[in-house]
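As a plain string of letters, each chain reads:
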Amino acid sequence: MSARIGDYATRSREAIRNHPEVRTAVTGATVAFDEKRRRAYGEVDADLWRRWAEAVKNHLLTHLGDYLVEAEARLEANGAHVHWARGADEAREIVLELASRHSVRSVVKGKSMLTEEVELNPALERAGIEVYETDLGEYILQLLDEPPSHIVGPAIHKTLEQVQRLFADRLETDPGGDPDELARAARGVLRDAFINADMGITGGNFLVAETGTVALIENEGNIRLTTSLPRVHVALVGIEKLLPRMSDLAGFLQLTSRAATGQSIGCFVSLVQGPAAAPGDDGPEEVHVILVDNGRTDVLVHEHAWEALRCVRCGACLNTCPVYRQTGGHAYGWVYSGPIGSVLDPGLLGLHEAMPLPFASSLCGACFDACPVRIPIPELLLAWREEAQQQGLTPWKERAALAGLANVATRPPLYRLAGRVGTRLGAARAARKLPMLGDWSNDRSLPSPSPRTFRQLWREGIK
Amino acid sequence: MKVALFVTCLADHYFAEAAADTVRLLRHLGCEVTFPDAQTCCGQPAYNAGMSREAARMAHHTMDVFADCEAVVLPSGSCATMVKRFYPRLAASNPAVQAAALADRTFELGEFIVRRLGVTRLGDGLAGRRVALHQGCHALRELRLETEPAALLEGAGAEVVPWAASDECCGFGGLFSVKMTDVSAAMADRKLDTLPRVDCVVSGDGGCILHLDGRSRIRGCGVKFVHLATALWRAVDEGVGDGMAERDHGGRHGRGNG
Ligand code: SF4
């Protein structure tokens, strides 16, 4: 999915005005997930868990080089092959090279945001390889040729009716089929895909450096099959996904599940430890782990943004976000949307590319409370905003107005005068003519000021 | 106790009666209220826009104005958060000690009454009222005033009706509502669409009220909004019987504007 973030304001407006069903579907689903997350946090000492997870990830990120070397050595000792991809192009080339070496004609995939980030599917298809997304939500979107709109629930923006229509059309299901029937129909198609696939491609929720273990959480069982049935398993893992020790994994699996879906742990946890031990044993013949940077080391050295690399992609910040709920993820224009997208995208793509996402937030702070690794998203948004102002990426009128405010507010007599003039002399009418406030006043009634200011009341004496 | 009122820009001009009610309430609670005349804007508009140099200038001005005050009270959770939580951050490279000291002495109105004065029962002037509480984001998540405003309202006899979106952002966010006006309006709609039947909505933040009320009026929702300060003064001043149910922010403003 290539980035096209610049027209966020337009796309969010279109989503809200022209696709009310998206807002209904997204709000309904995210509110439900958020409630489950809150309940699941309430069952444990979530504050303590989150502080612990934050500390583990901070330790990891400040020793990332060492742990990457350790992970590579352990993976190789387990019989897995390790590849390093600096950018998206290198990641694609490695996969394509492996596919051609193994004469791959058909691929099954587990849900992976990283493969979206590096635009893997189009590259495979261009090479004449059949690609099957096997996560139900991803499968729906593949049929529709749409990118995911949420990092955990990729088709969260779709209504049941839309899926019923799609499946009736493409899989000849009953147009009124219930979710179970629809899932059964998809499973029928995907079962054949699993059996015929030459390669399984997944992401990785975690990579334990100590043991060289790739850990994957899911609820549908499709990842279990993707990692075990085809001859070759390829896992693309972002370099920030490491964990130092196996003992850390237990906590992270549980915390991530609670944050993402409110479960105490996902229905399936796959620990990929390397290829089948001997011919005839279960498991793939070859396991390849591609460690992908694609901008992450740039984020790591950024004064503020590095904290976003603690992200475990649980989606809790999206679910709780009142901004995300109004539009869903597509309005954001790239694979990572919602609060985490607004702080990560400027780091991965460059701030210029990611404007105006740092401003697509009311700074309400709900995301920080939800985040299992305590990423201070509001603070990071402010840091990006500051950089945007310094680089002149915001409208000059806005900068001038705020500089003017500072000049006035540090001169009390001037401030008092401006206040009187501003609100008394028909500011409401003037506001409609201001370029910035024009839209505001279309959507809201402008307030009328108090008949007398507080200063006047104070001078006259308050009874 | 001597308390300095930091009225905030919005309250000065749009919620003047709520600010006056703040004074009445504080006096009723035995405080001597002062109003340092040199006070201006807390600087939050600039801070939220990422203009921290400008915000720091305004912060330093405010720190000077309130330097000698025993306690500073604001009828706004958002501006109180600016002083308490963001001044120390801004001042990190400057006079950090002064910022931290002011932060410790600064309170949002409800916070001051409950945490500093230890009062939750103000009077029963709200008996029989059904109110919904809009929890402002900063008061809730920065100042962690999770129970205080509701406790004060309930202590005054009001029924605080559960509201699924009570703690959800209304979509104001200052500059946000100007820059992302459609999303901001949709956020207000979600608040209004989930609102239970109540006599009025109470909030400790004028910005949220202006935004929600503006949206409510253009949609013809007929919801009444009351500033927390006014609601709490009602609790004390129960003799004023016309009640807040008729306090329509949209109409001609009577006492307790907002
Ligand atoms: S930022 Fe935090 S809450 Fe959001 S997806 Fe990442 S880990 Fe989850």
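Residues numbered from 1 in each chain as written. Chains lettered and ligands numbered in written order. Predicted model: local features only at pLDDT ≥ 70, side-chain atom pairs only at ≥ 80, totals over all residues. Heavy atoms only, no water.

1. Topic: the overall build of chain A
The line we're drawing: Put simply, DSSP marks the helices as runs of H or I at least four residues long and the strands as runs of E at least two long, and each gets a number from the N terminus on. The globule rule is 2.2 Å times the number of residues to the power 0.38, and the radius of gyration it is compared with is taken over C-alpha atoms. A simple rule labels every residue: compare its accessible area, found with a 1.4 Å probe on the protein chains alone, to the largest value its type can have, and call it buried under 20%, exposed over 50%, or partly exposed in between. For this analysis, residues touch if any pair of their heavy atoms sits within 4.5 Å. To measure how exposed things are, a 1.4 Å probe is used in the Shrake-Rupley method; for residues, cover is taken only from the protein chains shown. Only four residue types enter the tally: Lys and Arg on the positive side, Asp and Glu on the negative side, with His and both chain ends excluded. Here the site of a charge means atom NZ of a Lys, CZ of an Arg, CG of an Asp or CD of a Glu.
Counting its secondary structure elements, chain A contains 24 helices and ten strands. Relative to the 2.2 N^0.38 estimate, which gives 23 Å for 463 residues, the radius of gyration of chain A is 25 Å and therefore close to what a compact globule would have. For chain A, the spread of C-alpha atoms along the principal axes amounts to about 90 × 55 × 45 Å. For chain A, buried positions account for 56% of its 463 residues. For chain A, restricting intrachain contacts to residue pairs at least 6 apart in sequence, the fraction spanning at least 24 positions comes to 75%. For chain A, the exposed surface amounts to about 19000 Å²; the carbon and sulfur share of it is 52%. The average position of the 51 basic charges and that of the 59 acidic charges among the side chains of chain A differ by 13 Å.

2. Concerning the side chain of B:T62
Residue and element names in this part refer to chain B. Note on placement: T62 falls in helix α4 (residues 52–65). Residue T62 is classed as buried on the basis of its relative accessible area, which comes to 2%. Apart from the residues within four sequence positions on either side, T62 is in contact with F6, C41, C42, Y87 and L102.

3. Some remarks on the sheet that holds strand β6 (residues 213–218) of chain A
Residue and element names in this part refer to chain A. Using the following cut-off: Strand pairing is assigned whenever DSSP detects at least two bridges linking the two strands.
Strand order in the open sheet made by the four strands is β8-β5-β6-β9, with mixed pairing throughout. The sheet terminates laterally at β8 (242–243) and β9 (268–272), the two strands that pair on one side only. The sheet contact formed by strand β5 (residues 206–208) and β6 spans three bridges and is antiparallel. The residue bridging L207 from the neighbouring strand is V214, located in β6.

4. A look at the domain arrangement of chain A
Here is the rule: What fixes the domain bounds is an automatic or database domain assignment.
Along its sequence, chain A is organised into domain 1 (8–296) and domain 2 (396–460). Taking the mean C-alpha position of each, domain 1 of chain A and domain 2 of chain A sit 50 Å from one another.

5. Details of helix α20 (residues 396–409) of chain A
Residues and elements named next belong to chain A. Quick note on the threshold: Under the convention used throughout, the expected extent of a helix is 1.5 Å for every residue step, that is, one less than its residue count. This arc describes the spread of directions from the helix axis toward the C-beta atoms.
Look at α20: 20 Å from first C-alpha to last across 14 residues, which is about the 20 Å you get at 1.5 Å a residue. By the burial criterion, the buried members of α20 are E398, L402, A406 and A409. The arc that holds every buried residue of α20, seen down its axis, measures 80°, which confines them to one face.

6. Here's the deal with a nonpolar patch on the surface
All names here are of chain A. Selection rule: What goes into a patch is any residue over 30% in relative accessible area without a salt bridge, connected to like charges within 9 Å or, for nonpolar side chains (Val, Leu, Ile, Met, Phe, Trp, Tyr), within 5 Å. Note on definitions: salt bridges are taken to be side-chain nitrogens of Lys or Arg within 4 Å of carboxyl oxygens of Asp or Glu.
On the surface, a nonpolar cluster with roughly 240 Å² of combined accessible area is contributed by L414, L417 and V421. By the secondary structure assignment, L414 is in helix α21 (residues 412–424). Among the residues examined, L414 registers a relative accessible area of 40% and is labelled partly exposed.

7. Here's the deal with the pattern of salt bridges
Here the structure, examined in full by the defined rule, presents 43 salt bridges over all chains. Here A:D198 makes a salt bridge to A:R231, at a shortest N to O gap of 3.3 Å. Here A:R231 lies in the loop between α11 (222–228) and β7 (232–238) and A:D198 lies in the loop between α10 (179–196) and β4 (199–202), a separation of 33 residues in the sequence. Of the residues examined, A:R231 reaches a relative accessible area of 30% and is grouped as partly exposed. Of the charged contacts, one joins B:R144 and A:D369 as a salt bridge, the two residues approaching to 2.7 Å between their closest N and O atoms. Within this pair, whereas B:R144 is found in the loop between α8 (137–142) and α9 (148–155), its partner A:D369 is found in helix α18 (residues 366–370), the two belonging to separate chains. For B:R144, a relative accessible area of 35% gives the class partly exposed.

8. Here's the deal with the nonpolar core
Spelled out, the test is: The definition of a nonpolar core used throughout is a set of buried Ala, Val, Leu, Ile, Met, Phe, Trp, Tyr and Cys residues joined through side-chain atoms within 4.5 Å.
Among the nonpolar cores identified, the biggest contains 130 residues, and A:Y8, A:F206, A:L242, A:L291, A:I340 and B:Y87 are the most heavily contacted of them. If one sorts the elements of this core by residue count, helix α5 (residues 77–90) of chain B sits on top with seven residues. By size, the runner-up hydrophobic cluster in this structure holds 60 residues, among which are B:L126, B:A150, B:V201 and B:V236.

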